[in-house]
Every structure is written in structure tokens, then in C-alpha cells.
Amino acid sequence: GQNIDQPTEMTATEGAIVQINCTYQTSGFNGLFWYQQHAGEAPTFLSYNVLDGLEEKGRFSSFLSRSKGYSYLLLKELQMKDSASYLCAVRDNYQLIWGAGTKLIIKP
Amino acid sequence: DGGITQSPKYLFRKEGQNVTLSCEQNLNHDAMYWYRQDPGQGLRLIYYSQIVNDFQKGDIAEGYSVSREKKESFPLTVTSAQKNPTAFYLCASSTGGYVSNQPQHFGDGTRLSIL
């Protein structure tokens, strides 16, 4: 079946680095999206990976391994405003499948 | 600035009542989507539309209806047949179709509750 797994909640310290994992089992694979969603607000697009490897965008990086069905979002130099949920979504042949999201709590 | 506007932000429904959630975009996107977000679950697709006057059911269309008479607008009606409507509803749009590599842009959502 189709499945996307993310940790439900993570806690990290301001200024540190955190890695949020996403594993997937889908009938096909045509790309993976990461979104950020602050509580009660719209999800906003962070990154898109379709090939293996690391994509870097400022403090945020996203990694993909298609053979392992695995991606991670790496957040560096954490700031309090990074407290949010991070959603992973996989594009298979027919649909976009969303993970339940990881709630990231940043402590001072 | 271009974006997606959802209204109202909060909505209350009485038993047996239909309610309509508004979604307007000025991004000139062809595709529009409605999702439902419940705690502990991923976004679930209710309906999507790839062009004007055409729309397709998503995974949980029962109890909902949509229309797409204009490119900019994609309203969602939650009918009395939807027995568990309490959720956060998100509207989105994109330049490509449903399974394209283009990201979806989201509105700020409507929180619907039962009175």
C-alpha cells in the first residue's frame, strides 16, 4: 500500500541543527515535496527533490535516496520562528500523497 | 501581491445545514484543489479541478460538492450529508496539474466546526 512516515514531534534548541526524516512506500515515485506549516496557517513550499542527493537552500537542505525510499529535511542555525510542522508529500504516478507532518518545537 | 484567499477564517455549521467555503486566487493558475486537514493525519484531497468547468473527485469527496465556473474561483460546499465536517479546510492552486512537479500554493484555511 501507499504509506508515508514522519516522526510526530521533535524538539530542538535554538541555534542547533535538526534533521526531520520522511520514509515512503509508494507504487511509483516522481518527486518529493517538503512544506512548512505554522499552526493555523497555510503550508508554504520549501523544497522539491526528484533526483538522489542533497539540495541546499540557505539554512534549509533536503536530501533524497530513491533506492531507500527516504528523504530528510535539515534545518541549520535554528530560530524560534522555525517552530512549525513540516510536511512531506510524495508524487507517485497518479496522485500526491501527504505525510501527517512533524511538529518541530524549538526551545531557547 | 498574488495569492489565494479563503473565507471565512472560521465557520460554524448547524445540523442539516449546507455551508460554502470560498476560495479565490489571482495567480493565474489552472489547477485548484480542496484538502481537509485533521489532527494526526496527512492532507486528504476532497476535489480538484485542472481547468474551468471541469473537476474530479479526490479521496474523500462524499458529502462535498464544488464548482469551477471561473478560473479564479473554486468554492466548496459542505453538505448535510457530511456527518463529520469539523476540520481545517485548505484550498490550493498550481500551474501544473495534480501530479506535476510544480508546488501547490495554499490559502490560510477555513476552520469549520459543528454548533
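Preceding this section is the structure that the text describes.
The structure contained in this document is the topic of the report that follows. (Residues numbered from 1 in each chain as written. Chains lettered and ligands numbered in written order. Predicted model: local features only at pLDDT ≥ 70, side-chain atom pairs only at ≥ 80, totals over all residues. Heavy atoms only, no water.)

### Quick look at the overall build of chain A
Move 1: Scanning chain A for helices and strands turns up zero helices and eleven strands.
Move 2: Helices and strands in chain A line up, N terminus first, as β-β-β-β-β-β-β-β-β-β-β.
Move 3: Out of the 108 residues in chain A, the part that is buried amounts to 47%.
Move 4: For chain A, the share of sequence-separated contacts (at least 6 apart) that also reach a separation of at least 24 residues comes to 56%.
Move 5: Of the roughly 5200 Å² of accessible surface on chain A, 49% is carried by carbon and sulfur atoms.
Move 6: With 9 positive and 10 negative side-chain charges, chain A shows a separation of 1 Å between the mean positions of the two kinds. (Helix = DSSP H or I, 4+ residues; strand = E, 2+ residues; numbered from the N terminus. Buried < 20%, exposed > 50% of the residue type's maximum accessible area, 1.4 Å probe, protein only. Contact = heavy atoms within 4.5 Å. Areas by Shrake-Rupley, 256 points an atom, 1.4 Å probe, with all protein chains shown as cover. Lys, Arg positive; Asp, Glu negative; His and termini not counted. Charge placed at Lys NZ, Arg CZ, Asp CG, Glu CD.)

### Focus on the packing of aromatic side chains
Move 1: Applying the stated rule across the entire model yields 17 aromatic pairs over all chains.
Move 2: Ring geometry for Y24 of chain A against F29 of chain A: centres 5.0 Å apart, planes inclined by 15°, an arrangement best described as stacked.
Move 3: Here the aromatic rings of Y35 of chain B and F106 of chain B are separated by 5.9 Å at their centres, their planes lie at 40°, and the arrangement is tilted. With Y35 of chain B in strand β4 (residues 31-37) and F106 of chain B in strand β10 (residues 105-106), this pair connects stretches of sequence that are 71 residues apart. (Phe/Tyr/Trp six-rings, centres within 6.5 Å; stacked < 30°, edge-to-face > 60°.)

### Examining the interface of chain A and chain B
Move 1: Contacts between chain A and chain B engage 19 residues on the former and 21 residues on the latter.
Move 2: Summing both sides of the interface, chain A and chain B together bury roughly 1500 Å²; the carbon and sulfur share of this comes to 58%.
Move 3: Across the contact surface, chain A and chain B share zero salt bridges.
Move 4: Broken down by secondary-structure element, the contributors of at least two residues to the side of chain A that touches chain B are β4 (32-37), β5 (44-49), β9 (84-91) and β10 (96-98) of chain A.
Move 5: Sort the elements by how many residues they give to the side of chain A that touches chain B and β4 of chain A lands first, with three residues.
Move 6: When grouped by side-chain class, the residues that make up the side of chain A that touches chain B number eleven nonpolar, five polar and three charged. (Buried area = accessible area lost by both parts, 1.4 Å probe. Salt bridge = Lys/Arg side-chain N within 4 Å of Asp/Glu carboxyl O. Nonpolar A, V, L, I, M, F, W, Y, C, P; charged D, E, K, R; others polar.)

### Examining a nonpolar patch on the surface
Move 1: Taken together, the side chains of Y10, F12 and L115 of chain B present a nonpolar region at the surface, about 380 Å² in accessible area.
Move 2: Tracing the chain through its elements places F12 of chain B in strand β2 (residues 10-13). (Patch = residues over 30% accessible without salt bridge, like charges linked within 9 Å, V, L, I, M, F, W, Y side chains within 5 Å.)

### As for the sheet that holds strand β3 (residues 19-25) of chain B
All names here are of chain B.
Move 1: The sheet built from four strands is open, its strands ordered β1-β3-β8-β7 with antiparallel pairing. Lying at the two open borders of the sheet, with one neighbouring strand each, are β1 (4-7) and β7 (64-66). Put simply, the sheet's adjacent strands are angled 20° from each other on average, direction ignored. (Pairing = 2+ DSSP bridges. Axes fitted to C-alpha atoms, helices over the stretch in contact; angles between N-to-C directions.)

### Points about the pattern of salt bridges
Two side chains bearing opposite charge may form a pair once their charged atoms approach each other closely.
All names here are of chain B.
Move 1: Tallying each qualifying case throughout the model produces six salt bridges over all chains.
Move 2: Measuring nitrogen to oxygen at the nearest pair gives 3.4 Å for the salt bridge that ties D30 to K71. Linking D30 in the loop between β3 and β4 with K71 in the loop between β7 and β8 (76-78), this pair joins segments that are 41 residues apart in sequence.
Move 3: On the accessibility criterion, D30 (35% relative accessible area) is partly exposed.
Move 4: Three or more residues are tied together by salt bridges with common partners; here these are R36, D38 and R44.

### Considering the nonpolar core
All names here are of chain A.
Move 1: Ranked by internal contacts, the top residues of the largest apolar core, which has 21 residues, are W34, L75, Y86 and L104.
Move 2: Breaking this core down by element, the ones donating at least two residues are β3 (18-25), β4, β7 (60-65), β8 (70-75), β9 and β11 (102-107).
Move 3: Leave out the neighbours within four places in its chain, and Y86 touches Q6, I20, W34, Y35, Q36, L46, F60, L73, L75, G101, T102 and L104. (Core = buried A, V, L, I, M, F, W, Y, C linked by side-chain atoms within 4.5 Å.)

### A short note on the side chain of Q6 of chain B
All names here are of chain B.
Move 1: With respect to the helices and strands, the residue Q6 is situated in strand β1.
Move 2: Of the polar contacts made by the side chain of Q6, one reaches the backbone nitrogen of C91; its length is 2.9 Å.
Move 3: Among the polar contacts listed, one links the side chain of Q6 to the backbone nitrogen of G109, at a separation of 3.0 Å.
Move 4: Among residues more than four places away in sequence, those in contact with Q6 are S22, W34, Y89, L90, C91, G107, D108, G109 and T110. (Polar contact = N/O pair within 3.5 Å; in protein donor to acceptor, adjacent residues only side chain to side chain.)

### Quick notes on the state of the cysteines
Residue and element names in this part refer to chain A.
Move 1: Counted according to the given criterion, the structure contains two disulfides over all chains.
Move 2: Through a disulfide, C22 is tied to C88; the S-S separation comes to 2.0 Å. Taking the sign of the torsion about the S-S bond as the criterion, the disulfide between C22 and C88, at about -60°, is left-handed. With C22 in strand β3 and C88 in strand β9, this pair connects stretches of sequence that are 66 residues apart. When sorted by exposure, C22 lands in the same class as C88, which is buried. (Disulfide = S-S within 2.5 Å.)

In short, geometric facts, not functional conclusions.
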